[in-house]
Amino acid sequence: MDVSIIGSGYVGLVTGACFAEVGHNVTCVDNDSRKIEILRAGKVPIFEPGLEELIHRNVSAQRLRFTGSVKEGVENSQVVFIAVPTPPQHDGSVDLSFIEKVAREIAGVLTDYRVIVDKSTVPVKTGEKVAESIKRYNRHRAKFDVVSNPEFLREGCAVSDLMQPDRIVIGAQSEHAVDVMKKVYEPFMAPILVTDINSAELIKHAANSFLALKISYINAVSAICEASGADVEKVADGIGMDRRIGRPFLNAGIGYGGSCFPKDIAAFITISDQLGVPFALLKEVQRINAAQKDRFLKGIRDTLWVLREKQIAVWGLTFKPDTDDVRSSVAIDLVADMLREGAHVSVYDPKGMERACELSAIKGARFCQSPLEAAINAEALVIATEWAEFTNVDLTVVKEKMTTPIIFDGRNLFDPATMAKVGFHYHSIGRPPVKPG
Ligand code: NAD
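Residues numbered from 1 in each chain as written. Predicted model: local features only at pLDDT ≥ 70, side-chain atom pairs only at ≥ 80, totals over all residues. Heavy atoms only, no water.

Within the largest apolar cluster, 58 residues are counted, with the highest numbers of intra-cluster contacts made by I300, V314, V335, M338 and V382. Counting contributing residues, this core receives three or more from each of domain 2 (204-285) and domain 3 (293-427). With sequence-adjacent residues up to four places away left out, I300 is seen in contact with L307, M338, V382 and F408. The next biggest cluster of nonpolar side chains, apart from the first, holds 41 residues, and it includes C18, A20, A83 and L153. (Core = buried A, V, L, I, M, F, W, Y, C linked by side-chain atoms within 4.5 Å. Buried < 20%, exposed > 50% of the residue type's maximum accessible area, 1.4 Å probe, protein only. Domains from an automatic or database assignment. Contact = heavy atoms within 4.5 Å.)

Structure (structure tokens):
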């Protein structure tokens, strides 16, 4: 099928590449001319495992192309996907101006029937607004259908999530649009759930809020474990072995971050408030998340006494491993907090350094080329993102490089007994701290 994607970021670019991989002809559109230039030059502007090969293969096969023109995208496709940002506003509500602008732009160049699909995460009832807007600016009175098709990919494994999705949600009003969407997704051989547009939109916010709730639940349990001397990892195993609950998303840590969870939970709170059915539980999810980072920082302060002039190494800046994305990363907040308190912070991240360098919040940090370089003369090492690379570093060498062998592990990457044996004072989340020996 001929498909276009408007917005070629983490979602749009990976979706476009995966659609091309299964045989569709894809036009990826973006209004960031620099991004289009990079893509046309054969480079990939974001890091996502497997994406570069996928793009190169499909560009060579002439199934994938890039343009800055919405007109070109709409003309060349039967189905037009929208994957532009839906950032939060100050009050937590969603800024829908990117969606509205794209709807207007599509309407302006619409001459024949198209299925217009919203893939961005939007509040319930946005589909109605998109349809109204397209109708208003539809100069040629072309026919169209609006569909909601929320995206559930996770950064860091976006390609495999898109190629083997748990489910495809299609929210539509017309049977024809559903048939077209089923044809787009047929090659993926995934379960398809067809709903009305409002339900499809709501599924996305409800799903992300539930995942965040699961994280905050285990984080609240981790605080109780710390107070009682229990081990949160064992508790999570014991809870997670119950198939009704499941082990994923029961990893205690310094809290969720990233470009989706914080904004989507805030949005769902605002949406429910506006509908007159306040969702107080989600406010508690947010509170626990913020408290988790503060408690971790307090633990560092309690041990080091004052942070001013302390040399602190931080491993990990991205909001999760296997991505270069540092948007709303808790690791970045932690570094910023420690810098504000006067600490000297040396940071290292396998893929996030380039983007982190641009953030004014951590301007005073020293960016290092390796985990070991960051550890030189450190009075404490903070692990903020669970990159596999960190588990392969020789801990004896890390200890030799540091001034005092203290680790604060915000992602429970290591076994406490092993760390004690190597000679570290090791503090982790929801587990009793250990001393050398
Ligand atoms: P992103 O910022 O990485 O990409 C968005 C792209 O849209 C950018 O390249 C931007 O230049 C482009 N754009 C903005 N306005 C445009 C316009 N008028 N015309 C053409 N291009 C335009 O954002 P993202 O992370 O891909 O997220 C997109 C949407 O998908 C959001 O609603 C997000 O909540 C949702 N989502 C994101 C993820 C994720 O993990 N990143 C997962 C599921 C859903």
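Next, the rest of the story.
Using the criterion set out here, one finds 24 salt bridges in the structure. The partner of E21 in a salt bridge is R57, with the nearest N and O atoms 2.9 Å apart. Placement of E21 in helix α1 (residues 10-21) and of R57 in helix α3 (residues 51-60) is noted, with a sequence separation of 36 residues between them. Using a relative accessible area of 43% as the deciding quantity, one classes R57 as partly exposed. Of the charged contacts in the structure, one is a salt bridge between D161 and R154, with a shortest N-O distance of 2.7 Å. (Salt bridge = Lys/Arg side-chain N within 4 Å of Asp/Glu carboxyl O. Helix = DSSP H or I, 4+ residues; strand = E, 2+ residues; numbered from the N terminus.)

Along any regular strand the residues' side chains alternate between the sheet's two faces. With five of five residues buried, strand β6 (residues 144-148) is to be regarded as a mostly interior element. Neither face of β6 is exposed, since F144, V146 and S148 on one face and D145 and V147 on the opposite face are all buried. Pairing between strand β5 (residues 114-118) and β6: five bridges, direction parallel. Note on β6: the bridge partner recorded for R114 is F144. In the classification by handedness, the crossover that spans β5, the intervening helix α6 (residues 126-137) and the parallel β6 is right-handed. (Pairing = 2+ DSSP bridges. Right-handed = clockwise from strand over helix to strand, strands pointing away.)

Time to look at the side chain of S329. Relative to the elements of secondary structure, S329 occurs in the loop between β9 (311-315) and α13 (330-340). The exposure class of S329 is buried, given its relative accessible area of 1%. Those residues within four positions of S329 in sequence are excluded, and the remaining contacts are G258, L317, T318 and F319.

Once that is clear, we can look at the site of the ligand. Near the ligand you find 26 residues, and of these D30, K35, T86, E155 and K263 are the closest. Between an oxygen atom of the ligand and a main-chain N or O atom of V11, the distance comes to 2.8 Å. D30 has a polar side-chain atom sitting 2.6 Å from an oxygen atom of the ligand. Taking 830 Å² as the accessible area of the ligand by itself, protein coverage stands at 92%. Looking at the shell around the ligand, the elements with two or more residues in it are α1 and α5 (97-109). (Near = heavy atom within 4 Å. Polar contact = N/O pair within 3.5 Å; in protein donor to acceptor, adjacent residues only side chain to side chain. Areas by Shrake-Rupley, 256 points an atom, 1.4 Å probe, with all protein chains shown as cover.)

Now for the domain arrangement of the protein chain. The domains assigned to the protein chain are domain 1 (2-195), domain 2 (204-285) and domain 3 (293-427). Between the C-alpha centres of domain 1 and domain 3 there is a distance of 37 Å. For the domain 1 and domain 3 pair, buried surface summed over both sides reaches about 720 Å², with 45% attributable to carbon and sulfur atoms. Considering only the side of domain 1, the residues that lose the most area to domain 3 are Y10, F47 and E155, jointly responsible for 75% of the buried surface there. E155 is the partner of R327 in a salt bridge, and the nearest nitrogen-oxygen pair spans 3.6 Å. On the surface where domain 1 and domain 3 come into contact, there are five residue pairs in polar contact (both at pLDDT 80 or more). Of the residues belonging to the side of domain 1 that touches domain 3, the class tally is five nonpolar, one polar and three charged. (Buried area = accessible area lost by both parts, 1.4 Å probe. Nonpolar A, V, L, I, M, F, W, Y, C, P; charged D, E, K, R; others polar.)

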